[in-house]
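What the coordinates show
The lines below spell out each chain.
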Amino acid sequence: RRALLKGGLLGGAGAFTLAGAVASSGAASEGSAPGTSSTGTADLVVPFHGEHQAGITTPPPPHAVFVGMDLDDGVGTTELGRLMRVWTDDISRLTAGVAPVTDQEPEVAARPAGLTVTVGWGPGLFDRLGLDDRRPSWLAPLPPMPVDDLDEAYGGTDLLLQLCSHSPVPLAHARRLLVGAARGIATPRWVQPGFRDPGEQAGLAFRNEFGQVDGTVQPDVADRDADLLWIGPASASHPGWVGGSSLVLRRIRMDMEDWERADRVAREHAVGRDLATGAPLTGGEESTPVDLHAVLPSGLPVVDRHAHVRRASPHAPHERFLRRPYSYEQVGTDGTVETGLLFAAFQADPVRQFLPVQRRLAEGDLLNIWTVPVGSAVYAVLPGCAEGDWLGRALLV
Ligand code: HEM
């Protein structure tokens, strides 16, 4: 019997099943399903097959790693097709808790802890392979922003893997296996690990390293705002993109020392929300909409003109996207630690939806006092695939 543990917070693509039940087709017993009592989340399975890839509307688990890879010289569409077939097969197994044939640590693979792997193609892939007729019109690096201090070491790559899991163990295992499977076709340029803890927050929000409740205001992508997330037939540059999306990944350094020198009032005014509860400074609780028109008796706005939530709030209904960020810590060999946010945003069209917001923030956001974007990359996220099919097939054959 296939045991369904818990529905995803965001519907469909986030539903969990238990690894043992999927892997051994019917071995799950009545009552407590295998592994749940002693192992917690170890046996969670997020279904891989479907119209969309998993790892987008799936509630973000605590661990993630983003891997940016470049195609090796001389690689053509045939080799890319071979890689996509191998990755699809490996990902479908790893996420179900079934070890791929080449797996030397099958015991690790058996406990995927809700592993998801999401695959994207970067602008360079289309340039390199001459696939311009299949390139989404919006697929290009973001234009330079006045706040940027970008390090090319964290720039755009030809391919992206986003891996997420409740445990860092299957995550590291899957990353090694998938990078290994690409040997001779693609090589990693960067690996960016991230973490988050929903803690006391419900839904998509978590506490970032500034201690803020982050991720509260989101489009309703499971329902009425689905068009904001998924590429539809009308906007797709090629039918092979229908059901896909895009990912903007910004690596943003956060100056913890300076932040901690600011007083609490200044820190709350920088965003426009209460640090403890995440509630708007205009009152209510975390889920209460911010009243951007509220004024103090002095006539000044309650939410500062340059507060993050004012600058980031949409000026038109389409200026919205799904935020799914992770915190990062980069530990130097000299004992120094850089702290920041791997800001990951998913949307159907980043130029139309994301860019106007990013421009407003770059031109005047109080948070810029303490944050600096140091990496930036844009990817087209492939649609999902049905059982027996492989990711990207409709774009390559
Ligand atoms: C809201 C933090 C970067 C877009 C928020 C909130 C916090 C926050 C605490 C309020 C709660 C919420 O609704 O999530 C940060 C930090 C950043 C950062 C610490 C960098 C280190 C960005 C970037 C963008 C962005 C780069 C997009 C270009 C938004 C949006 C909202 C938001 C759209 C919701 C605005 C609304 O209320 O309508 N952010 N953010 N943020 N942020 Fe950020």
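Residues numbered from 1 in each chain as written. Predicted model: local features only at pLDDT ≥ 70, side-chain atom pairs only at ≥ 80, totals over all residues. Heavy atoms only, no water.

1. Description of helix 9 (residues 264–271)
- Those residues of helix 9 that sit buried are Arg267, Glu268, Ala270 and Val271. Angularly, the buried residues of helix 9 cover 155 degrees about the axis, an arc narrow enough to put them on a single face.
- On its buried face, helix 9 sits against helix 8 (256–261) and helix 10 (308–312).
- Within two residues after helix 9, glycine 272 carries a phi angle of roughly 100 degrees, on the positive side. (Buried < 20%, exposed > 50% of the residue type's maximum accessible area, 1.4 Å probe, protein only. Helix = DSSP H or I, 4+ residues; strand = E, 2+ residues; numbered from the N terminus. Arc of directions from axis to C-beta. Contact = heavy atoms within 4.5 Å.)

2. Thoughts on the site of the ligand
- Close to the ligand lie 25 residues, the nearest being Gly215, Thr216, Val217, His308 and Arg323.
- A distance of 2.9 Å separates an oxygen atom of the ligand from a polar backbone atom of threonine 216.
- In this structure, an oxygen atom belonging to the ligand sits 3.0 Å away from a main-chain N or O atom of valine 217.
- Structurally, the ligand is housed in the largest pocket.
- For the shell around the ligand, the secondary-structure elements that each account for two or more residues are strand 9 (213–214), strand 10 (245–254), helix 10, strand 13 (337–347) and helix 12 (355–363).
- With three residues, the single largest contributor to the shell around the ligand is helix 10.
- Taken together, the residues that form the shell around the ligand break down as 14 nonpolar, eight polar and three charged. (Near = heavy atom within 4 Å. Polar contact = N/O pair within 3.5 Å; in protein donor to acceptor, adjacent residues only side chain to side chain. 1 Å grid on protein atoms, 1.4 Å probe; cavity = no way out; pocket = protein on both sides within 12 Å on 5 of 7 lines; lining within 4 Å. Sits in = over half its atoms within 2 Å of the grid points. Nonpolar A, V, L, I, M, F, W, Y, C, P; charged D, E, K, R; others polar.)

3. Some remarks on the layout of surface pockets
- Of the pockets and cavities examined, the largest pocket occupies roughly 1100 Å³.
- Together, 47 residues line the largest pocket, and Asp214, His308, Val309, Ala312 and Arg323 are the ones closest to its centre.
- Listed by contribution, the elements that provide at least two residues to the lining of the largest pocket are strand 9, strand 10, helix 9, helix 10, strand 13, helix 12 and strand 14 (371–381).
- Residues that form the lining of the largest pocket fall into these classes: 23 nonpolar, 13 polar and eleven charged. (Points joined across faces, edges and corners; volume = space filled by probe spheres on them.)

4. Focus on the side chain of aspartate 90
- Within the secondary structure, aspartate 90 sits in helix 3 (residues 77–96).
- At 5.6 Å, arginine 93 is the nearest oppositely charged side chain to aspartate 90, a buried residue that forms no salt bridge.
- Those residues in contact with aspartate 90 that sit more than four places away from it in its chain are Pro100, Leu177, Leu178 and Ala181. (Lys, Arg positive; Asp, Glu negative; His and termini not counted. Salt bridge = Lys/Arg side-chain N within 4 Å of Asp/Glu carboxyl O.)

5. A short note on the packing of aromatic side chains
- Within this structure, the stated rule accounts for seven aromatic pairs.
- Here phenylalanine 210 and tryptophan 259 contribute two aromatic rings whose centre-to-centre distance is 4.1 Å and whose plane-to-plane angle is 15 degrees, an arrangement assigned as stacked. You can see phenylalanine 210 sitting in the loop between strand 8 (206–207) and strand 9 and its partner tryptophan 259 sitting in helix 8, a full 49 residues away along the chain.
- Given a relative accessible area of 6%, phenylalanine 210 falls into the buried group.
- Consider the rings of tryptophan 259 and tryptophan 370, whose centres lie 4.9 Å apart with planes at 90 degrees: the pair is edge-to-face. Of this pair, tryptophan 259 sits in helix 8 while tryptophan 370 sits in the loop between helix 12 and strand 14, and the two are 111 residues apart along the sequence.
- Through a chain of ring-to-ring contacts, the aromatic side chains of Trp121, Phe126 and Trp241 assemble into a single cluster. (Phe/Tyr/Trp six-rings, centres within 6.5 Å; stacked < 30°, edge-to-face > 60°.)

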